[in-house]
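Remarks on the overall topology
Below are the chains, spelled out letter by letter.
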Amino acid sequence: MTTSLDTEFERHRSVLLGIGYRMLGSFADAEDVVQDAWIRWAGVDHATVEEPRSFLVTIVSRLAIDRMRLAHRRRETYIGPWLPEPVRTDREELGPADTAQQRDTLSVATLRLMERLSAPERAVFVLREAFELPYEEIAEVLNLTAAYARQLHKRAGARLAADRERFAADPVIHRDLVDLFVLAARTGDRDALQKLFAQDVPLWTDGGGKIRAALRPVRDADRVTRFLGGVLGKYGEVDLTVIEVNGLAAMVMILGEYR
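Residues numbered from 1 in each chain as written. Predicted model: local features only at pLDDT ≥ 70, side-chain atom pairs only at ≥ 80, totals over all residues. Heavy atoms only, no water.

Now for the overall build of the protein chain. If you tally the helices and strands in the protein chain, you get twelve helices and four strands. Here the protein chain has a C-alpha radius of gyration of 20 Å; the compact-globule value for 259 residues is 18 Å, and the two agree. In the protein chain, which comprises 259 residues, the proportion classed as buried is 42%. The long-range share in the protein chain, meaning contacts at least 24 apart out of those at least 6 apart in sequence, stands at 66%. Of the roughly 14,600 Å² of accessible surface on the protein chain, a fraction of 51% belongs to carbon and sulfur atoms. (Helix = DSSP H or I, 4+ residues; strand = E, 2+ residues; numbered from the N terminus. Rg over C-alpha atoms; globule rule 2.2 N^0.38 Å. Buried < 20%, exposed > 50% of the residue type's maximum accessible area, 1.4 Å probe, protein only. Contact = heavy atoms within 4.5 Å. Areas by Shrake-Rupley, 256 points an atom, 1.4 Å probe, with all protein chains shown as cover.)

Below, the structure is given as structure tokens:
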């Protein structure tokens, strides 16, 4: 019986992680929510569950909303900017990610923008945009009316629309820019590095409460270039590697003292 329960749950694990991560912006929190969902799944009378996927999506969504509300309160006292936790999507499957719209909901930029939404708005937005659920099903999952779910989705979309367009990234162009960034960083060519930035570029840093980071965004191409040059110069030998993070190419920089 346990094996059967495990198999059924594992069939949906990537989707459940995808819901939790998109709603919370933290892979660790998403894993906790999925683990809590497993405990509830293991304890339910399965004869009463007509559709396991819908049942599990409902549990994870509601658990994630509860955790979102707690997270918002914690982040009010967080030191410095809070950024979504990056995930190596070449190692972890956060379903679904088949369409451009679904992949966009995994991007760090979109996850950051979704922080401005209320918990119900974010839940509706994720379930509609990433999982393409009809409003009637979203209403059942979140214990809302279909009309209110539609209203929340419209409100969320309006709050994100302008900046989502601004941060939309073509994966090929994005990879080319990352490669140029890595080349400039490796060679110490600050002029080449600065040319990659828009003049008003902001640099956000988040130490996760564990290491020192800038408490406010560093703004302006010249200042950002000098900041990065200072970091690269301070730690001597630096490993620069390109990996896939949140569905797009990203640079990992391992500083000398952390090698």
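And the narrative resumes.
Moving on to a nonpolar patch on the surface. A contiguous nonpolar surface patch, about 280 Å² in accessible area, is contributed by Ile 173, Leu 177 and Leu 180. Position of Ile 173 among the secondary structure elements: in helix α10 (residues 171-187). (Patch = residues over 30% accessible without salt bridge, like charges linked within 9 Å, V, L, I, M, F, W, Y side chains within 5 Å. Salt bridge = Lys/Arg side-chain N within 4 Å of Asp/Glu carboxyl O.)

Glancing now at the nonpolar core. Generally speaking, a soluble globular protein has its nonpolar side chains buried in company with each other. Counting 49 residues, the largest nonpolar core has Met 23 and Leu 127 as its most contacted members. At the level of secondary structure, the elements contributing two or more residues to this core comprise α1 (2-11), α2 (13-24), α3 (27-43), α4 (52-75), α6 (108-113), α7 (119-129), α8 (135-142) and α9 (146-167). Not counting chain neighbours up to four residues away, the residues in contact with Met 23 comprise Ser 61, Ala 64, Met 68, Arg 122, Ala 123, Val 126 and Leu 127. With eleven residues, the next largest nonpolar core counts Phe 181, Leu 193, Leu 203 and Ala 214 among its residues. (Core = buried A, V, L, I, M, F, W, Y, C linked by side-chain atoms within 4.5 Å.)

One turn of an α-helix holds 3.6 residues; hence residues three or four places apart share an orientation. All of the buried residues in α8 are Tyr 135, Ile 138, Ala 139, Val 141 and Leu 142. Looking straight down α8, one finds that the buried residues subtend no more than 165° of arc, so they occupy a single side. Just beyond α8, the residue with positive phi is Asn 143, at close to 60°. (Arc of directions from axis to C-beta.)

With that out of the way, let us pick up the pattern of salt bridges. Considering all chains together, one arrives at ten salt bridges under this definition. Where Arg 11 meets Glu 8, a salt bridge forms, and the shortest distance between an N and an O atom there is 2.9 Å. In this pair, Arg 11 and Glu 8 both sit in helix α1, three residues apart, roughly one turn of the helix. One salt bridge connects Glu 121 with Arg 159, and the closest N-O pair in it is separated by 2.9 Å. A residue pair is termed long-range when its members are at least 10 positions apart, and Glu 121 in helix α7 and Arg 159 in helix α9 qualify at 38 residues. Residues participating in the shared-partner salt-bridge network are Asp 29, Asp 32 and Arg 67.

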